[in-house]
Every structure is written in C-alpha cells, then in structure tokens.
Amino acid sequence: MQAVAGIVKPQSAIGFISLIALLWGASGMMASIRLGLETALKVERGRPAARAKLVDFILVLAAGVLVLFIVGLSIVGAFFSRLLDRAAEWAGIEATFSGVLLRDGVQLVAIGVTVLLLYRFVPARKLRRRGALAGAILTAVGVWGSTKILAIVFADFSNYNLIYGSLAAVLTFLFFVYAVACLLLLHA
C-alpha cells in the first residue's frame, strides 16, 4: 500500500518521472492533431520544432483546463436542468425535454467553441473566420450526433463488459476517438 501511495505523490522520483512521461505522451497526441490539421489545410511550411512542441504543450494545458471547465459546466447544467424541471412541474407544464435541451445545447456550444479554437490557432496557417466557423459548426453537430448514435449502437456493450472486462470500454472509447478525429479532419 505504501508503494502505491509513493507513486501517487508527485514528490517521489517515480511519480515525477511518470508525470513527465504522461505530459510528453499527451504532447505527442496533440502533435498528431496539429500535424493532421496542418495536412488537411495544406500547410506547406510549419512552425520550427521547438515552437511546435511548445504549441503542443499549450494544447495539453488547454485540454486539461477544458476538461475541468466542461465538468463544472455539466454540474451547473444538471443543477439548472433539475431546476427547470421542478419549475415546469410546479407550473403544471409537461416539460420532460427542458433538461435534455439545456444539456445538449451546452454540449454543442462547448464542442463548437473548442473546435473553433483548434481551427483558428493550432495550424501554422490561419483560416478565414467564416471558414473556421463553418467547419466548427459542422464538426460540433457531427460530434454531437455521433455521440448520440454511438450511445445507441454501444448500448448493448454493457453485456459484453461482463465477459471482456474493461476491454470493451477501451475499444468503445477508441472507436469514438477515431470517429471524432475523422470528423475534425474532414471538416477542417
């Protein structure tokens, strides 16, 4: 138990090395996104290597902040969703979709803003605002729609989870990431 607790603490050498390896691997994933967007946008000359790696680390930091923001936003959205449902119930209105519409609207806006920022600032070539906005809207709707479709398609995977363990969850996540990456590059 003490060995596991020692790994978790960032002050230990193994924890620090693991943290560095995690950040380096995450920056590699962000480099893949950056290179994919630059290829899709036909960027002929990218950034210098040191500056490109700095952009990748900034993207890792921004992704972490975004995850925390979305978690907080979903908590606030769930609170207001329940509040809307209670107000509708008190008023005697049948409003079963108010919470769903609020949650889905927040998801669409969050995805759209994230993709817009990716399209505008990640590639070495700047997109026109209209082009970036159109791509961000299409990507947001596509990602939102694929989330709903994949939720229906993989609804039965809970049965497979009993047999295959966490492997089914990992494969489902990887398929979703693949679908989102395809949409991101297609709409760029």
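Above: the structure in question.
**Q** Quick rundown of the overall build of the protein? Include the residues and the values.
**A** Across its full length, the protein holds seven helices and zero strands. Burial analysis of the protein (188 residues in total) assigns 23% to the buried set. The contacts in the protein between residues at least 6 apart in sequence include a share of 67% that link residues at least 24 apart. Accessible surface for the protein amounts to roughly 13,300 Å². Of this, 74% is attributable to carbon and sulfur atoms.

**Q** Quick one: what's the story with the side chain of S146, residue by residue and with numbers?
**A** Tracing the chain through its elements places S146 in helix α5 (residues 129–153). With relative accessibility at 13%, the residue S146 sits in the buried group.

**Q** Give me the environment of M29: which residues, what numbers.
**A** The residue M29 is located in helix α2 (residues 13–40) in this model. For M29, a relative accessible area of 47% translates into the label partly exposed. Once the C-alpha coordinates of M29 and D56 are considered, the two residues, 27 residues apart in sequence, prove to be 8.3 Å apart.

**Q** Requested: an account of the side chain of R34, with residues and values cited.
**A** As for its placement among the helices and strands, R34 is situated in helix α2. Among the polar contacts made by the side chain of R34, one reaches the side chain of D56 at a distance of 2.8 Å. Discounting chain neighbours no more than four positions away, the residues touching R34 are R47, A52, V55, D56 and V122.

**Q** Can you lay out a nonpolar patch on the surface for me, pointing to particular residues and giving the numbers?
**A** A cluster of nonpolar side chains, contributed by L167, V170, L171, F173, L174 and V177, occupies part of the molecular surface with about 550 Å² of accessible area. Tracing the backbone through its elements, the reader meets V177 in helix α7 (residues 167–187). Looking at V177, the relative accessible area reads 38%, which means it is partly exposed.

**Q** Can you lay out a positive patch on the surface for me, pointing to particular residues and giving the numbers?
**A** A surface patch of positive charge is lined by K42, R125, R128 and R130. Within the element layout of this structure, R130 appears in helix α5. The exposure class of R130 is exposed, given its relative accessible area of 70%.

**Q** Go over α5 with me, naming the residues and quoting the values.
**A** Between its first and last C-alpha, α5 extends 35 Å over 25 residues, near the 36 Å set by a 1.5 Å rise per residue. Every buried residue of α5 is accounted for by A132, G135, A136, T139, A140, V143, G145, S146 and L150.

**Q** So what's going on with the environment of D56? Residues and values would help.
**A** Along the chain, D56 falls in helix α3 (residues 49–91). Expressed as a C-alpha distance, the spacing of D56 and M30, which sit 26 residues apart in the sequence, is 5.3 Å. If sequence neighbours within four positions are ignored, D56 has contacts with S27, M30, A31 and R34.

**Q** An account of the nonpolar core is requested, with residue identities and associated values reported.
**A** In terms of nonpolar packing, the biggest core is built from 15 residues, with L37, L59, L118, Y119 and L184 touching the most fellow members. Elements that contribute at least two residues to this core include exactly α2, α3, α4 (98–121) and α5. When sequence neighbours within four positions are dropped, the list of residues in contact with Y119 reads L37, L127, A132, G135, A136, T139, L183, L184, H187 and A188.

**Q** An account of the environment of G135 is requested, with residue identities and associated values reported.
**A** Mapped onto the secondary structure, G135 falls in helix α5. G135 gets classed as buried once you look at its relative accessible area, which sits at 4%. For the pair formed by G135 and L184, sequence separation is 49 residues and the distance between their alpha carbons is 8.4 Å. G135 has contacts with Y119 and H187, leaving out every residue within four places of it along the chain.

Cut-offs and rules
Residues numbered from 1 in each chain as written. Predicted model: local features only at pLDDT ≥ 70, side-chain atom pairs only at ≥ 80, totals over all residues. Heavy atoms only, no water. Helix = DSSP H or I, 4+ residues; strand = E, 2+ residues; numbered from the N terminus. Buried < 20%, exposed > 50% of the residue type's maximum accessible area, 1.4 Å probe, protein only. Contact = heavy atoms within 4.5 Å. Areas by Shrake-Rupley, 256 points an atom, 1.4 Å probe, with all protein chains shown as cover. Polar contact = N/O pair within 3.5 Å; in protein donor to acceptor, adjacent residues only side chain to side chain. Patch = residues over 30% accessible without salt bridge, like charges linked within 9 Å, V, L, I, M, F, W, Y side chains within 5 Å. Salt bridge = Lys/Arg side-chain N within 4 Å of Asp/Glu carboxyl O. Lys, Arg positive; Asp, Glu negative; His and termini not counted. Charge placed at Lys NZ, Arg CZ, Asp CG, Glu CD. Expected span 1.5 Å × (residues − 1). Core = buried A, V, L, I, M, F, W, Y, C linked by side-chain atoms within 4.5 Å.

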